[in-house]
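In case you want the letters, here they are:
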Amino acid sequence: MLELDDIQSGVLRPRPAPYVATYIALRIDDRMAGRELIGRVANVVTSAAHPESPLADTWVSCALTYHGLKALGVPQLSLDSFSWEFRQGMAARWKDLGDTGESHPENWEAPLGSNDIHVVIVAVSPNEVRLEAALDRARKTYQTMTGIKAIWRQDCHALPNEKEPFGFRDGISHPAIEGSGIPGTNPQEQPLKAGEFVLGYPDELGGIQRTDPELLGRNGTYVVFRKLHQRVAEFRKYLKSNSRDQNEEELLAAKMMGRWRSGAPLALCPFHDDPALGIDSERNNDFMFQDDPNGYKTPGGSHIRRTNPRDAEIAGVARIHRMIRRGTAYGPLLPEGVLEDDGVDRGLMFAFVGANIGRQFEFVQSEWINDGVFFGAGEDKDPIIGSNGGPASFTVPRKPVRRRCVGLPQFVVTRGGEYCFMPGLRALRWLAEFEG
Ligand code: HEM
């Protein structure tokens, strides 16, 4: 059984819809102040127990980077027991992540990617009033403390159309996790072993991830934050200039995503959108790909089939690369129909939650999003979020001849991000009190 009362609420619980969220990054300049901060935060963070409580959809989470654990004085032996990718940090992994050109860490928003980010506090709520109350509780933990400095903040909010900035419904597909009490969204997917998402439990390969001391890692998880700028005008222009009419535009968008903008999956309605299906959480993720081996309905290269090939024939095993996602949008909606960039920053704060940054997040990013070999499509990349530009292409299988979209522009630019560890509640207290 998962020890839900020791796992931070933000790990397992899908974010509310609609939502507002704030990310705050803190730097620890004084070790003892840092420990006191973590002790105070432990009293503000809620656990994943009682997910049915009406107040459980507002929460504050706390995660630390490798440099954050170091700033608290965690001994090197313990630090070394965390995963290699986490210890490197996201910026150092730019090559594997495809963060080249404009997405290169040199161009990231300061201080993202620097060694100054130590603690990341995230508050999520269905509305502003409750978010403000949660933020107030969080702020009280550090505001008056010397030796702790808030160095970055990102506010996020659901857009008025409740879609992500490109116009697609998101937050639909989530894995089922054994013992979490939170049902998955695809009735055809067997629940995944808890160890895929939480340290200290058996995973799909039979292994158990542990840290030294064990208590530090137990009931914790890795969290990857990534600020992804979306070129909405560019995306709209691309669709328009590669379609003859509005219907074709919508079909091309759906082929690139694998779902219509309403959220309805091509797997269940390949020819026309079905908005009622899009919002029906009982049906909108109830599908596999086995009946569509050639991708005539859902192209193998579409965003959702790449990032979760389900039971499709691929090189490898899809189940060991699953992830929990917590995307929240930032910036204003680009008004419908506008095709010129207004220079305003908008996009997605993407958050990955999982027990294995390398095998889950990095694998999906490098092998599935930025490569096509795993399903036999050579160097094709994800048409929506791949590090495209130049000769990148996307294939829409169809009869009698497939459609090749060549020279895809880059629609998503990385603005920064970090690899963090979100400890269990007992571990937070340990971090506040350990000797050394
Ligand atoms: C700006 C960037 C991104 C946008 C606009 C975006 C958009 C979407 C949308 C609209 C969906 C379908 C609805 C849903 O199931 O929630 C989706 C699904 C998904 N995305 Fe993304 N996404 C982005 C970045 C990423 C990244 C960086 C990853 C992983 C490294 C990722 C992994 C996934 C996964 C695993 C799914 C679920 C697939 C499934 O189970 O069907 N996404 N995304």
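Residues numbered from 1 in each chain as written. Predicted model: local features only at pLDDT ≥ 70, side-chain atom pairs only at ≥ 80, totals over all residues. Heavy atoms only, no water.

**Examining the nonpolar core**
Then, in step 1: With 85 residues, the main nonpolar core has Leu37, Ile38, Phe86, Val119, Met256 and Leu431 as its most contacted residues.
Then, in step 2: Counting residues in hydrophobic clusters, the runner-up holds 35 residues, among them Leu4, Trp59, Val124 and Phe225. (Core = buried A, V, L, I, M, F, W, Y, C linked by side-chain atoms within 4.5 Å. Buried < 20%, exposed > 50% of the residue type's maximum accessible area, 1.4 Å probe, protein only.)

**A look at unusual backbone geometry**
Glycine aside, residues mostly have negative phi, and peptide bonds are mostly found in the trans state.
Then, in step 1: With an omega of 0 degrees, the peptide bond between Ala110 and Pro111 qualifies as cis.
Then, in step 2: Mapping Pro111 onto the fold places it in the loop between helix 6 (94-97) and strand 3 (119-125).
Then, in step 3: The peptide bond linking Asp212 to Pro213 adopts the cis configuration, its omega dihedral lying at -5 degrees.
Then, in step 4: Within the secondary structure, Pro213 sits in the loop between strand 4 (148-157) and helix 8 (214-217).
Then, in step 5: Of note, Glu162 is a non-glycine position whose phi angle comes to about 55 degrees, a positive value. (Helix = DSSP H or I, 4+ residues; strand = E, 2+ residues; numbered from the N terminus.)

**Quick notes on the coordination of the iron atom of the ligand**
Then, in step 1: Within the protein, a single donor atom binds the iron atom of the ligand, namely His303 (NE2) at 2.1 Å.
Then, in step 2: With respect to the secondary-structure elements, His303 resides in helix 12 (residues 303-307). (Donors = N, O, S within 2.8 Å, 3.2 Å for Na, K, Ca; no water.)

**Digging into the packing of aromatic side chains**
Then, in step 1: Under the criterion given, the structure shown has 19 aromatic pairs.
Then, in step 2: Taken together, a centroid distance of 6.2 Å and an interplanar angle of 85 degrees make the contact between Phe361 and Tyr419 edge-to-face. Taken together, the positions of Phe361 in helix 13 (residues 357-369) and Tyr419 in strand 11 (residues 412-422) put the pair 58 residues apart, joining distant regions of the chain. Tyr419 matches Phe361 in its accessibility class, with the two residues each being buried.
Then, in step 3: Site record: aromatic cluster; members linked through ring pairs are Tyr66, Phe82, Phe86, Tyr222 and Phe421.
Then, in step 4: The positively charged end of Arg218 is found above the aromatic ring belonging to Tyr201, 4.7 Å away from the centroid. (Phe/Tyr/Trp six-rings, centres within 6.5 Å; stacked < 30°, edge-to-face > 60°. Lys NZ or Arg CZ within 6 Å of the ring centre and 35° of its normal.)

Honestly, that's just the spatial picture; any functional story needs more than this.
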